[in-house]
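# Coordinates in review
Each chain, written out:
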Amino acid sequence: MQSELLWRLKSHELSDIAEKVIEGERLSLHDGIRLYRSHDIAAVGSLANIVRERKSGNRTYYIVNRHINYTNLCVNRCPLCAFSRDRDAPDAYTLSVDEIVDASGDVERNGATELHIVGGLHPDLPLSYYTHMLSALKERYPTVHLQAFTVVEIAHMARIERTTVTGILRRLRGAGLGSIPGGGAEIFGARVRSIICPRKISGEEWLETARAAHLLGIKSNATMLYGHVETIEERLLHMLVLRETQDETGGFMSFIPLPFHPANTRLAMCPGPTGIDDLKTIAVSRLMLDNFDHIKAFWIMLGPKLAQVSLAFGADDMDGTVAEERITHAAGARTPQRLAPEEIVGLIREAGREPAQRDTVYGVVSQRSGAGSGASTGCGGMCAVQKKDRR
Amino acid sequence: MTLSPDRILEKALDGERLSVDEGDALFRVDDLAKLGSVAEAVRQKHHPNPIVTYVVDRNINYTNVCVSRCLFCAFHRDLDAPDAYVLSREELFQKIEELLSVGGTQVLMQGGLHPELRLDYYCEMVHGIKERYAIHVHAFSPPEIVHFARLEGTTIGEVLHRLQEAGLDTIPGGGAEILVQSVRDRISPRKCTAEQWISMMRQAHSMGIRTTATMMFGHVETCADRIEHLRKVRELQDETGGFTAFIPWTFQPGNTGLPLRSVGGHEYLKTLAICRIFLDNLSNIQASWVTQGAKVGQVALRFGANDLGSTMIEENVVRAAGTQFSMTVAEMRRLIGDAGFEPVQRDCYYEPVVTRSGSVGC
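Residues numbered from 1 in each chain as written. Chains lettered and ligands numbered in written order. Predicted model: local features only at pLDDT ≥ 70, side-chain atom pairs only at ≥ 80, totals over all residues.

### Quick word on the overall build of chain A
The line we're drawing: Numbered from the N terminus, helices here are DSSP runs of H or I no shorter than four residues, and strands are runs of E no shorter than two. Every radius of gyration here is taken over C-alpha atoms, with the globule rule written as 2.2 Å times N^0.38, N being the number of residues. A residue is called partly exposed when the number of other C-beta atoms within 10 Å of its own lies between 12 and 20, exposed at 12 or fewer, and buried at 20 or more, with C-beta atoms placed from the backbone. In this description, a residue-residue contact is defined by the distance between C-beta atoms placed from the backbone, which must lie within 7 Å.
A count of helical and extended segments in chain A gives 17 helices and 11 strands. Against the 2.2 N^0.38 benchmark of 21 Å for 391 residues, chain A shows a C-alpha radius of gyration of 20 Å, consistent with a compact globule. Once the C-alpha set of chain A is aligned to its principal axes, its extents read approximately 60 × 50 × 40 Å. By the burial criterion, 54% of the 391 residues in chain A qualify as buried. Residue pairs at least 24 apart in sequence account for 73% of intrachain contacts in chain A once pairs closer than 6 positions are excluded.

### Considering the sheet that holds strand E3 (residues 114-118) of chain A
Residue and element names in this part refer to chain A. The cut-off we apply is this: Note on pairing: DSSP must find at least two bridges between two strands before they are called paired. Simply put, an axis is a line fit to the C-alpha atoms, just over the touching stretch for a helix, and the angle between two N-to-C directions goes from 0 to 180 degrees.
Taken in spatial order, the three strands line up as E2-E3-E4 in an open sheet, and their pairing is parallel. The two strands at the open ends of the sheet, each matched to only one other strand, are strand E2 (65-69) and strand E4 (145-148). The mean angle between the axes of side-by-side strands here comes to 20°, regardless of whether they run parallel or antiparallel. Inspection of the sheet shows E3 paired to E4 by four bridges, in the parallel sense. Each residue of the ladder has a partner; that of Glu114, found in E4, is His145.

### Considering helix H11 (residues 203-215) of chain A
Residues and elements named next belong to chain A. Applicable threshold: For a helix, the expected span equals 1.5 Å multiplied by the residue count minus one.
In a regular helix each residue adds 1.5 Å, so 13 residues correspond to 18 Å; H11 covers 18 Å between its end C-alpha atoms and thus fits that length. Lining the buried residues of H11 we find helix H8 (151-161), helix H9 (165-175), strand E5 (220-226) and helix H12 (232-249). A positive phi of about 85° marks Gly217, the residue just after H11.

### Description of the domain arrangement of chain A
All names here are of chain A. Defined as follows: In this entry, domain limits derive from an automatic or database-based domain assignment. Residues were grouped as follows: Ala, Val, Leu, Ile, Met, Phe, Trp, Tyr, Cys and Pro as nonpolar; Asp, Glu, Lys and Arg as charged; and all remaining residues, including Gly, as polar.
Segmentation of chain A into domains returns domain 1 (2-55) and domain 2 (61-277 + 292-340). Taken over C-alpha atoms, the centre of domain 1 sits 30 Å from the centre of domain 2. Residue-level contacts link 11 residues of domain 1 with 10 residues of domain 2. At the level of elements, helix H3 (29-37) and helix H4 (41-56) are the ones that each hand at least two residues to the side of domain 1 that touches domain 2. Looking at which element gives the most residues to the side of domain 1 that touches domain 2, the answer is H4, with seven residues. In the side of domain 1 that touches domain 2, the residues fall into six nonpolar, three polar and two charged.

### As for the pairing of E3(A)
Residues and elements named next belong to chain A. Keep this limit in mind: A clockwise path from the first strand over the helix to the second, with the strands pointing away from the viewer, defines a right-handed crossover.
E3 sits mainly inside the fold: five of its five residues count as buried. Where E2 and E3 come together, five bridges link them in parallel fashion. Its bridge partner being in E3, His67 is matched across the sheet by His116. Since E3 and E4 lie parallel, the crossover through helix H7 (residues 127-140) that links them has a hand, and here it is right-handed.

### Digging into the nonpolar core
The tendency in soluble globular proteins is for nonpolar side chains to be buried side by side. Under the convention used in this document: Each nonpolar core comprises buried Ala, Val, Leu, Ile, Met, Phe, Trp, Tyr and Cys residues, the members being joined through C-beta atoms within 7 Å.
Core analysis: the largest hydrophobic core is formed by 213 residues, its most contacted members being A:Leu287, B:Phe246 and B:Ile277. Looking at this core, the element that brings in the most residues is helix H11 (residues 265-278) of chain B, giving eight residues. Both domain 1 (2-55) and domain 2 (61-277 + 292-340) of chain A contribute no fewer than three residues apiece to this core.

### With respect to the packing of H11(A) against H12(A)
Residue and element names in this part refer to chain A. As a reminder, the rule being used: If an angle is under 35 degrees, it is roughly parallel; if it is over 145, roughly antiparallel; if it lies from 65 to 115, roughly perpendicular; otherwise it is oblique. Two helices cross in a left-handed way if the nearer one is turned anticlockwise from the farther one by less than a right angle. They cross in a right-handed way if the turn is clockwise.
Direction vectors running N to C along H11 and H12 enclose 20°, while the axes themselves pass 10 Å from each other. Put simply, H11 runs roughly parallel to H12. For the element pair H11 and H12, the recorded crossing hand is right-handed. Together, Leu207, Ala210, Arg211, His214 and Leu215 of H11 and Val241, Thr245 and Thr249 of H12 make up the contact between the two elements. Among the residues making up the contact of H11 with H12, the classes are represented as four nonpolar, three polar and one charged.

### A closer look at the interface of chain B and chain A
Note: interface size is frequently given as the accessible area lost on complex formation between the parts. Across the contact, 34 residues belong to chain B and 32 residues belong to chain A. If you list the elements that add at least two residues to the side of chain B that touches chain A, you get helix H3 (32-46), H11, helix H12 (289-299) and helix H14 (329-338) of chain B. The element best represented in the side of chain B that touches chain A is H12(B), accounting for seven residues. Residues belonging to the side of chain B that touches chain A are distributed by class as follows: 11 nonpolar, 11 polar and 12 charged.

### Re the packing of helix H6 (residues 142-152) of chain B against helix H9 (residues 194-206) of chain B
Residues and elements named next belong to chain B. Where H6 contacts H9, the two axes come as close as 9 Å, and the packing angle between them is 90°. For the element pair H6 / H9, the angle class is roughly perpendicular. Of H9, the residues touching H6 (which contributes Pro142, Ile145 and Val146) are Gln196, Trp197, Met200 and Met201.

The following block contains the structure:
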């Protein structure tokens, strides 16, 4: 693989960066900018692929999960968001704990291993609402992992309860919280936040809260919402500060770049990122974030076609079956609201990768043998080899 | 003995022609970035300037009545279906006027194989347009021309001659699907044969009528069938030089008689790259954002395509199969620019359009 790459990159504008990648050296901000500025996306992609295959081989992860958006009320009302509502809006909603438990009723039937729970910043729900939600779900679905509440929601709960985020995290963990999703990071830079989410916690607070969770042994993910008003440098600084935090705590499981969907938001004048920008962002993040094990292609926002292509550009995770995502769809996403596991497996196989169903913390639940390869070889063997392979 | 995939790619980079076996071997390369970078290098040889073209046109489907009733098609209707239609001359002219008002330069007209409309009807249609408007008429794919000849009891040469006289400029390369008869027997048994498609194109080219060529893949065909398709196109191009561009796209399964899963972006980009690498005598390869969406459509520009196709202010056939994307000229130019190319509006011969103010492009 590496010799092939050298064959291609000799006298290439990125050959010195290629050298660093092959040697496993850490890339600088300037390297990141050069990678972004290059129009040779195949070269950038194949560099990212070196790191991706070093970390995950040919394996591509996916999870069988369900999303629950428990409320669309939100005191932040960020300009970037098409989902949030004021309390008196006719379509404002808040699900009761019973409704949440009932809405999750298909998780066992579908073999889902995770509930992914995020919502708006409700003006006055007490902490007990969230802890009851978790304990009721845990009681009804004891084997399902609860990945719930972005650090933005956790910081909001701390403010409402007038306590520390650590106190909140302890209570949530006691009620059944398994891990924390990576949302609300957007772009950490203050200039950007003042435009796209002026009332949201600062980048520093986001990182502080994530650090507090990691210190308690609660793993989390990290996202980056891009393709609105930010510069390339602001994206890279976002990645670099995550890399520093990860050096410190090791608590991030995956990085998830999220392409901005402008429809119905107050930033609708932004066109949103193009496909090439999406692939570069996946690839550059794979290259910059040398201490993150996984880069996730969130197909809900990328579209299944581009998410599949991104498996050759550094991504090693196709996320989940999702079922009923509301937030991106409020912003005009025309992707389906769920994909069946067979569809995700088909996309992974067609890209020549080996699908592996994972749990939330990247343990392999079931590995499908063999990678598929194009139409000539058909679907290949779909036999699922049950294998417990906790890495 | 077949070379290793890397050797085959190096051969292509050196400008050598690939054999059918070598083309077929490329389908077993899963390193998408590698195929993309070779296709990109080959594109640069054909187009040393960093330009990507697009056309402002309209796809007018004059009727959805079709006796061919192909399994992969969601657009066709029987003559007595409640939603069967044939556009009136007035509707046709109105659509062309709308197109001209947004700077359109050509009209693409294709329709079903109507059992009753005769050659005079089509000749009058083309003549009526050319007499009223300064617009390029790109119309009637080979299955339509073959069908006209059959209804008329005359030769394909005669049909082409009459249409050319009426003002037909160029012919779209639709209906090629996969130019392997065993595949056509399964997906489009009543459509013109692979041999008829090729010989109609040969005849058109010999009369100075330029055409495009297409390939619809991702259904029941094998990769060997795809390469056989490309071989036939390459061979005819050697002979006539009459193809202006090659346009591969993927089968869209919605509402069709083929209950298959559509192939993904990976398979599309891989096949596109192989088309660019294999078709050494075709200068233009078109990306299909209509079937792939704007994102993968744009990525295709770095996988061998040098043209982003049409703004498609109207498209009905792919939409009937459940896929609907739309695109403005401004968005098209943004995508091209963001991919690192200069966007240039072209005509049907892939030449820059000189606007009324005299400047090139928009």
